[in-house]
Amino acid sequence: DPYANEPARLPALIVRSQKPMNSETPKELLVGSLITPNELFYVRNHLPVPHVDAATYRLRVEGEGVRTMELSLEELQTRFRRHSVTATLQCTGNRRNDFNLTQRPVKGLEWDGGSISTAVWSGVRLRDVLLAAGLEDDNPDVAHIQFEGLDTDMASQCYGASVEVDKAMDPQGDVLLAFEMKGAPLPADHGYPVRVVVPGVAGCRSVKWLGKIVASDQESASFWQRKDYKAFSPSVDWHNVDWESAPAIQNMPVTSHICEPLSGAAIDDDEVTVKGYAWSGGGQGIIRVDVSADGGATWHTAELNKVPQKRGRGWAWALWEATVPLPKGAKGAVQLVAKATDESYNTQPEQAAPIWNLRGVNCNSWHRVSVNVQ
Ligand code: MTE
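Okay, so let's go over this structure. (Residues numbered from 1 in each chain as written. Predicted model: local features only at pLDDT ≥ 70, side-chain atom pairs only at ≥ 80, totals over all residues. Heavy atoms only, no water.)

### So, the layout of surface pockets
One simple way to see leftover space: roll a probe sized like a water molecule over the atoms.
Turning to step 1, where the next piece is worked out: Taken as a whole, the largest pocket encloses approximately 320 Å³ of empty space.
Turning to step 2, where the next piece is worked out: Along the walls of the largest pocket sit 20 residues, with D98, L101, H367, R368 and V369 positioned nearest its centre.
Turning to step 3, where the next piece is worked out: Going through the elements one at a time, β14 (255-260) and β22 (367-373) are the ones with two or more residues in the lining of the largest pocket.
Turning to step 4, where the next piece is worked out: No other element matches β22, which puts four residues into the lining of the largest pocket.
Turning to step 5, where the next piece is worked out: Looking at the lining of the largest pocket residue by residue, the class counts come to eight nonpolar, seven polar and five charged. (1 Å grid on protein atoms, 1.4 Å probe; cavity = no way out; pocket = protein on both sides within 12 Å on 5 of 7 lines; lining within 4 Å. Points joined across faces, edges and corners; volume = space filled by probe spheres on them. Helix = DSSP H or I, 4+ residues; strand = E, 2+ residues; numbered from the N terminus. Nonpolar A, V, L, I, M, F, W, Y, C, P; charged D, E, K, R; others polar.)

Right, dumping it as structure tokens:
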């Protein structure tokens, strides 16, 4: 069993698949702290967790415009300047369940709203390592930086992904080769000893257990870059999908989620305190979250709790809280609604059906939770 030696995990995580391990953070714990405790960080694995010996670990850099280089963990940690970045990672399939509620099922793990978490990542800049390998800014032969993981399937195919070279080389892009999470070595599930962290970008590009970096004019040839993690029109289905017709998801759209109260909770009051998270891709920090208890007729602006980050580099989520009056005389089911706005004034679409897509990615419609008013 290739999964015989998986790391220990907290029973508090909500398991969506055991082999490979895919588990989300319970909502009430997500809103508990701006920085998710390492052991509660959601886990998204496609393959068995590889066991990497830090003493013999080598990171290989190769490809167009670079000198081939092999770095030990110690060289990576001592030859380059250390940087820390607070960044949220979110799976493209986060909130996929909201598409299933539209009565058109989608294919994928049944994520609710907990495949998102935030960490303080420490490591070195990918830019600095690429510069050390001789890559020049604006090299016309390099369009993508590909990453290969040390996790492999039965046919020895590894997990892989890529990002555009402009993001990888942008000094303001904060792309890290991280070896620490909240000051501790990366846990096995999160990429020990080294992972990529691409702030603002879909979690699938932040390759864990990083073995190789390749500078190329091509995107990663991996299944997950070319044939997955893309979104199409609601009219495209499995019989007519043309994977090449859509770009790979990189920056993700603005989203929010109500974490408290949980769906079906009994409310014995004339107001309700609503808590959740909001996040947007591309470094677009959250500027506002609006909450409604009357289907969107009236809105209450939530209080935001977030780490200070510069405009355009808002890589971390905002947690939020609002106390909202319930409609006068309400009894029985009342729907609470949340929508967030980012610093580019992007906001969320009202309904999930018009953004339905066959893989159930990028679900960011208004989040709705029904409570039971006593
Ligand atoms: N890297 C490798 N090597 N293997 C993987 O399966 N999963 C990706 C990405 N990096 C993956 C990977 C996906 S889809 C996501 S959403 C994030 O890792 C999840 O990171 P986490 O498990 O640390 O939360």
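### A short note on the sheet that holds strand β5 (residues 69-72)
Turning to step 1, where the next piece is worked out: Read across the open sheet, the five strands follow the order β5-β4-β13-β8-β9; overall the sheet is mixed. The outermost strands of the open sheet, each flanked by one partner alone, are β5 and β9 (158-164). The average angle at which neighbouring strand axes cross in this sheet is 20°, direction not considered.
Turning to step 2, where the next piece is worked out: Sheet topology note: the strand β4 (residues 58-63)/β5 ladder contains four bridges and is antiparallel. Of the residues in β5, the one forming a bridge with L59 is L71. (Pairing = 2+ DSSP bridges. Axes fitted to C-alpha atoms, helices over the stretch in contact; angles between N-to-C directions.)

### Considerations on the packing of aromatic side chains
Turning to step 1, where the next piece is worked out: Scanning the entire structure with this criterion turns up eight aromatic pairs.
Turning to step 2, where the next piece is worked out: Measuring from ring centre to ring centre gives 6.2 Å for W238 and W243, while their planes differ by 55°; the resulting arrangement is tilted.
Turning to step 3, where the next piece is worked out: Given the relative accessible area of 38%, W238 is considered partly exposed.
Turning to step 4, where the next piece is worked out: By relative accessible area, W243 is classed as buried at 11%.
Turning to step 5, where the next piece is worked out: Taken together, the aromatic side chains of F41, Y42 and W121 make up a single cluster linked through ring pairs.
Turning to step 6, where the next piece is worked out: Its guanidinium or amino end placed over the ring of W356, R104 lies 3.5 Å from that ring's centre, counting from NZ or CZ.
Turning to step 7, where the next piece is worked out: Lying over the aromatic face of W299, K339 brings its terminal NZ or CZ to 4.6 Å of the ring centre. (Phe/Tyr/Trp six-rings, centres within 6.5 Å; stacked < 30°, edge-to-face > 60°. Buried < 20%, exposed > 50% of the residue type's maximum accessible area, 1.4 Å probe, protein only. Lys NZ or Arg CZ within 6 Å of the ring centre and 35° of its normal.)

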